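# Reading the structure
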Amino acid sequence: MPAPHAHHIDIHQRRIHLKARQRGTDLTTWGSIVLYLPHALCSLVVVSLVCALIGPLGYVLLPGWLLSGLLAFHRPTESVIARRLLGLRHPSPREGKALDGVWREVCARAGVRAENYTLWIQDDGEDINAVAAAGHVVGVTGFALRHVPNGQLGAVLAHELGHHIGGHTWAGLLGYWYALPARLAGAALRYLASLLMRASAAVSGCLTVVLGLLLVSIAFTTLTTLYGLPLILLVVPYLLAAVSRRSELRADQQAAALGFAPMLAAVLHESERRQRATQGAAGPPATVGVQARLLHSHPDYHSRLHALRPWLRAEDWPGDEDLATG
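A few points on the structure.

The secondary structure content of the protein amounts to 13 helices and 4 strands. Within the protein, the proportion of its 326 residues that are buried is 41%. Relative to all contacts within the protein whose residues are 6 or more apart in sequence, the contacts with residues 24 or more apart total 75%. If you sum the accessible surface of the protein, you get close to 18600 Å²; carbon and sulfur atoms cover 66% of it.

Next comes the structure, spelled out in structure tokens:
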């Protein structure tokens, strides 16, 4: 019988201790909530204006919109999000059997109920990846389920469980949902501005001035009415990206605390190797600008590996020097 892989873990069921508190929040969760507040306040103004225009129906629409965020924890709604927005599917019986054992081991180490979450499969390429969404969705790529040792699969799942335990998933979903009316209104204003600019090229100079003054008036009224909130929205995407990167490191650390640090380091190393191989096949890598780096939602490979250092022994460190040392 061949020796088990170094990253193989025992998934036999055992006596486990469930924590009294199954979920919580951390600083990245509250940071995300605070940063989404300007969007939410602008959305409230937009929805209130729409409700005022449609008359009595607005008395139902406004409270309905305010309460709609509760659907983030509604299981049927989560299924729609998983299927339609994330492109996930339910595991086959064989996949479910292989996935369930590893998932239960991860949850046992964390002291949470495995039944609190629903497992999904993502059929998208050959990536070792997973996703956490809404209140209870955990998805993993079919490639990861079929091709990596169960310890590395556990590391990926433990990372996503860390997002759920830390409250990152529901905070991000609620923030996005309540920011949506403001974003749609902003897109409509930008479209109107582009129409005015195109129209000004085909009309007289006097009318161009009138259209310009109208556009400036709309912008000034928006800024003064909303107390400058639209200006804050210009920097919020950069702050949200920074918070997102921190939440990824936090989920990595939570997975490491469950004993998955060597496996997670191996997964990160393999993902980086594959990415570099793909970029090499496509030609010289394109230079990433400062703005793109500031807007990236995930930390780079070396930052994540460095954050795992306290949980790694020397023999656990990835062996490829050109990746490990950066």
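Text resumes after the structure shown.
Moving on to helix α1 (residues 27-54). Over its 28 residues, α1 extends 40 Å from the first C-alpha to the last, a length consistent with the 40 Å expected when each residue adds 1.5 Å. Taken together, the buried positions of α1 are occupied by T28, T29, S32, L35, Y36, P38, H39, C42, S43, V47 and C51. G55 occupies a position one or two residues after α1 and carries a positive phi of about 80°.

The next thing to look at is the packing of aromatic side chains. If you walk through the whole model with that rule in mind, you get 3 aromatic pairs. Between the aromatic rings of W65 and Y178, the centroid separation amounts to 5.2 Å while the plane-to-plane angle is 85°, which identifies the pairing as edge-to-face. One end of the pair, W65, is in helix α2 (residues 58-67); the other, Y178, is in helix α7 (residues 168-200), and 113 residues separate them in sequence. An identical accessibility class is assigned to W65 and Y178; each is buried. Seen in terms of ring centroids, F73 and W170 are 6.4 Å apart; in terms of plane orientation they differ by 50°. Their pairing is tilted. Remark: W170 occurs in helix α7 and F73 occurs in the loop between α2 and α3 (75-85); sequence separation between them is 97 residues. Under the relative-accessibility criterion, F73 is labelled partly exposed at 36%. The ring of F260 is capped by R109, whose NZ or CZ atom sits 4.4 Å from the centre of that ring.

So, on to the pairing of strand β2 (residues 118-122). A regular strand carries its side chains on alternate faces of the sheet. By the criterion of burial, β2 is predominantly enclosed, with 4 of the 5 residues buried. Across 2 bridges, strand β1 (residues 88-89) lies against β2 in antiparallel orientation. Opposite L88, over in β2, you have Q122 as the bridge partner. As judged from the 5 bridges shared by β2 and strand β4 (residues 137-141), these two strands associate in the parallel manner.

As a further point, take the pattern of salt bridges. Two side chains carrying opposite charge are able to pair once their charged atoms lie near each other. Here the structure, examined in full by the defined rule, presents 12 salt bridges. We note a salt bridge from D252 to R304, for which the minimum N-O separation is 2.7 Å. A residue pair is termed long-range when its members are at least 10 positions apart, and D252 in helix α10 (residues 236-281) and R304 in helix α12 (residues 301-307) qualify at 52 residues. Members of the salt-bridge network, linked through shared partners, are R89, E95 and D123.

Let us now look at the packing of helix α4 (residues 93-110) against helix α6 (residues 150-165). It is the contact of α4 with α6, at a shortest axis distance of 9 Å, that shows an interaxial angle of 55°. As the angle between them shows, α4 and α6 are arranged oblique. Judged by the twist between their axes, the crossing of α4 over α6 is right-handed. Facing α4, whose interface residues are L99, V102, W103, V106, C107 and A110, α6 presents N150, L153, G154, L157, A158, L161 and I165. Residue composition of the contact of α4 with α6, by class: 11 nonpolar, 2 polar and no charged.

Before going further, it helps to examine the side chain of E248. Mapped onto the fold, E248 is located in helix α10. Although E248 is buried, it makes no salt bridge; R304 carries the closest opposite charge, 4.4 Å away. A polar contact is formed between the side chain of E248 and the side chain of H159, at a distance of 2.9 Å. Excluding its chain neighbours within four sequence positions, the residues that come into contact with E248 are H159, H163, S297, H298, P299 and R304.

Reading the values: rules and limits
Residues numbered from 1 in each chain as written. Predicted model: local features only at pLDDT ≥ 70, side-chain atom pairs only at ≥ 80, totals over all residues. Heavy atoms only, no water. Helix = DSSP H or I, 4+ residues; strand = E, 2+ residues; numbered from the N terminus. Buried < 20%, exposed > 50% of the residue type's maximum accessible area, 1.4 Å probe, protein only. Contact = heavy atoms within 4.5 Å. Areas by Shrake-Rupley, 256 points an atom, 1.4 Å probe, with all protein chains shown as cover. Expected span 1.5 Å × (residues − 1). Phe/Tyr/Trp six-rings, centres within 6.5 Å; stacked < 30°, edge-to-face > 60°. Lys NZ or Arg CZ within 6 Å of the ring centre and 35° of its normal. Pairing = 2+ DSSP bridges. Salt bridge = Lys/Arg side-chain N within 4 Å of Asp/Glu carboxyl O. Axes fitted to C-alpha atoms, helices over the stretch in contact; angles between N-to-C directions. Parallel < 35°, antiparallel > 145°, perpendicular 65-115°, else oblique. Left-handed = near helix turned anticlockwise from the far one by under 90°. Nonpolar A, V, L, I, M, F, W, Y, C, P; charged D, E, K, R; others polar. Lys, Arg positive; Asp, Glu negative; His and termini not counted. Polar contact = N/O pair within 3.5 Å; in protein donor to acceptor, adjacent residues only side chain to side chain.

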